[in-house]
Amino acid sequence: MLHIRSGLVSTCGREQVQGEDIQRLRPAQWLNDEVINFYGAMITERAARQGREQGDPLDVHYFNTFFYEKLVNPGYEKARLNKWSKKVDIFSKDVILIPINLGNSHWTCACINVRRKRIEYYDSLGTRREVVYQRLREYLQRESLDKKKIDFEFEDWEDYFSEATPQQENAYDCGVFVCQFMEAISRGEDAEEFAFDQRNMPYIRRRMLWEISEKRLIGWKQ
Amino acid sequence: MPDVKPDIKERKPATQDESEVPDGKVQITVILGEQTFKYAVKPTTAFKKVFETTEKQVAASPGTLRFHYNGQRLRPQQTLEEIEAELDEPVEFHAQLEQIGGA
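Just so it is clear, the model here is predicted, and its values are computed rather than measured.

Chemist: Is there a simple way to think about the pattern of salt bridges in this case?
Modeler: Two side chains carrying opposite charge are able to pair once their charged atoms lie near each other. Inspection of every chain in the model, using the stated rule, returns 28 salt bridges over all chains. Note that Glu-183 of chain A is salt-bridged to Arg-46 of chain A, the shortest N-O span being 2.8 Å. Here Glu-183 of chain A is found in helix H5 (residues 174-185), whereas its partner Arg-46 of chain A is found in helix H2 (residues 33-49), with 137 residues between them in sequence. Each member of the pair Glu-183 of chain A and Arg-46 of chain A is classed as buried. Residue Arg-142 of chain A is joined to Glu-77 of chain A by a salt bridge in which the shortest nitrogen-to-oxygen separation is 2.8 Å. You can see Arg-142 of chain A sitting in helix H4 (residues 130-148) and its partner Glu-77 of chain A sitting in the loop between helix H3 (67-72) and strand E5 (95-102), a full 65 residues away along the chain. Taking relative accessible area as the criterion, Arg-142 of chain A reaches 32% and is therefore assigned partly exposed. The network of salt bridges with common partners includes Arg-24, Asp-33 and Glu-34 of chain A together with Arg-66, Arg-73 and Glu-98 of chain B.

Given below as structure tokens:
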């Protein structure tokens, strides 16, 4: 096990993690927003660095763990979510990653897959939540009206939920699953292709500790 | 013995109305759930004080609130100038408590 010092450990864009945050990558600890947002920043940065050749990571946009919370309450307008994408055309992205915190006890992951015209939802505890699809469709509609002044074209768009999504077999690994879902999605994988499951979690926690400390994603295919 | 008067100079209130924002300063509204806090700061002043005062007001431990502007995380040493805040409309910072999850 790596030695974890206290204080600032790593910086990626505007995101930072302290020793107290990455301590949570030790076995059986719950993850917090800082670890997940840092991992999201690393995924975004890798995507921005790479080209657009076959096999390269997709063009990714990442909304932090507070986005969905704001979308639910106080909602798009009052939270001024239109400002979140002021400098980016989300409709031109391949995938938009949206980690979701549920009741301060569970992490899940949504994705607006622009490339495949799907609203995706991944839950390592296997619960499909219709409300997530509704909220994100509402977001797309409002964002389209705000930025393009036209209705969002929902034709051919599907709600995606896969039985193949890897599942956790305990009450603490969901945050690690969410980070791995995001990382795999950003490389264009479908749930059927996700190359990890519960057995890999102790190793992935150690690997994430290393990745965050070194600010470098290893990824399964590299 | 000289008469030592206690320092009764009134402290400037932490919250103030828009009308009272002094010249050269910008009003920032910090929103935390249902609560709002207003500050007048110079475009070149670091946010540290704003963050610390907000944390005190809500009895949060120092450094535990997360502050965002337009979805971008803010750091204590940053300034309005540095983040290129749009000053032609109200400047709103959103403060959040830590989120955790496992099961």
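Let us keep going from here.
Chemist: Would you take a moment to explain the pairing of strand E2 (residues 35-41) of chain B for this structure?
Modeler: Sheet faces and side chains relate simply in a regular strand, where the side chains alternate between the two faces. Residues and elements named next belong to chain B. Both strand E1 (residues 26-32) and E2 contribute to a ladder of 7 bridges, which runs antiparallel. Looking at E2, one finds that Val-30 is bridged to Phe-37. Hairpin connection from E1 to E2: 2 residues lie between these consecutive antiparallel strands, with Gly-33 at a positive phi of about 60°.

Chemist: Would you take a moment to explain the sheet that holds strand E4 (residues 60-62) of chain A for this structure?
Modeler: Hydrogen bonds between backbone atoms are what pair the strands of a sheet, whose relative direction is either parallel or antiparallel. Residue and element names in this part refer to chain A. Judged by pairing direction, the sheet is mixed, and its 5 strands sit side by side in the order E4-E5-E6-E7-E8 without closing on themselves. The open sheet is flanked by E4 and strand E8 (158-160), the only strands paired with a single partner. The sheet shows a mean angle of 20° between the axes of neighbouring strands, taken without regard to direction. Strands E4, E5 and strand E6 (106-113) of the sheet are contacted by H2, whose axis makes an angle of about 155° with E4. Across the sheet, H4 touches E5, E6, strand E7 (118-122) and E8, and the angle it forms with E7 is around 140°.

Chemist: What am I meant to see in the environment of Lys-48 of chain B here?
Modeler: Secondary-structure assignment places Lys-48 of chain B in helix H1 (residues 48-57). Here Lys-48 of chain B falls in the partly exposed class, since its relative accessible area comes to 48%.

Chemist: What is the right way to read the layout of surface pockets from this model?
Modeler: It is the rolling of a water-molecule-sized probe over the atoms that shows where space remains empty. Reported here for the largest pocket is a volume of approximately 770 Å³. In terms of lining residues, the largest pocket is bounded by 30 residues, among which Arg-14, His-61 and Tyr-62 of chain A together with Gly-71 and Gln-72 of chain B are the most central. Residue assignment for the lining of the largest pocket shows that the elements contributing at least two residues are H2 and E4 of chain A together with strand E4 (72-73) of chain B. Here the element with the most residues in the lining of the largest pocket is H2 of chain A; it accounts for 5 residues. Residues of the lining of the largest pocket, tallied by class, amount to 11 nonpolar, 9 polar and 10 charged. Of the voids in this model, the second largest pocket is the one considered here, and its volume is about 600 Å³. Lining the second largest pocket we find 24 residues, and of these Lys-70, Asn-73 and Pro-74 of chain A together with Gly-33 and Glu-34 of chain B sit closest to its centre. If you list the elements that add at least two residues to the lining of the second largest pocket, you get H3 of chain A together with E1, E2 and strand E5 (91-96) of chain B. For the lining of the second largest pocket, the residue count by class is 8 nonpolar, 10 polar and 6 charged.

Chemist: Would you take a moment to explain the packing of H2 of chain A against helix H6 (residues 201-214) of chain A for this structure?
Modeler: If you want to describe how two helices pack, look at the angle between their axes and the distance between the axes. Residues and elements named next belong to chain A. Where H2 meets H6, the closest approach of the two axes is 11 Å, and the angle between their N-to-C directions is 65°. Here the hand of the crossing between H2 and H6 comes out left-handed. Counting all contacts with H2, which are made through Val-35, Phe-38, Tyr-39 and Met-42, the residues of H6 involved are Met-208, Glu-211 and Ile-212. Taken together, the residues of the contact of H2 with H6 sort by class into 6 nonpolar, no polar and 1 charged.

What counts, and at which threshold
- Residues numbered from 1 in each chain as written.
- Chains lettered and ligands numbered in written order.
- Predicted model: local features only at pLDDT ≥ 70, side-chain atom pairs only at ≥ 80, totals over all residues.
- Heavy atoms only, no water.
- Salt bridge = Lys/Arg side-chain N within 4 Å of Asp/Glu carboxyl O.
- Helix = DSSP H or I, 4+ residues; strand = E, 2+ residues; numbered from the N terminus.
- Buried < 20%, exposed > 50% of the residue type's maximum accessible area, 1.4 Å probe, protein only.
- Pairing = 2+ DSSP bridges.
- Axes fitted to C-alpha atoms, helices over the stretch in contact; angles between N-to-C directions.
- Contact = heavy atoms within 4.5 Å.
- 1 Å grid on protein atoms, 1.4 Å probe; cavity = no way out; pocket = protein on both sides within 12 Å on 5 of 7 lines; lining within 4 Å.
- Points joined across faces, edges and corners; volume = space filled by probe spheres on them.
- Nonpolar A, V, L, I, M, F, W, Y, C, P; charged D, E, K, R; others polar.
- Left-handed = near helix turned anticlockwise from the far one by under 90°.

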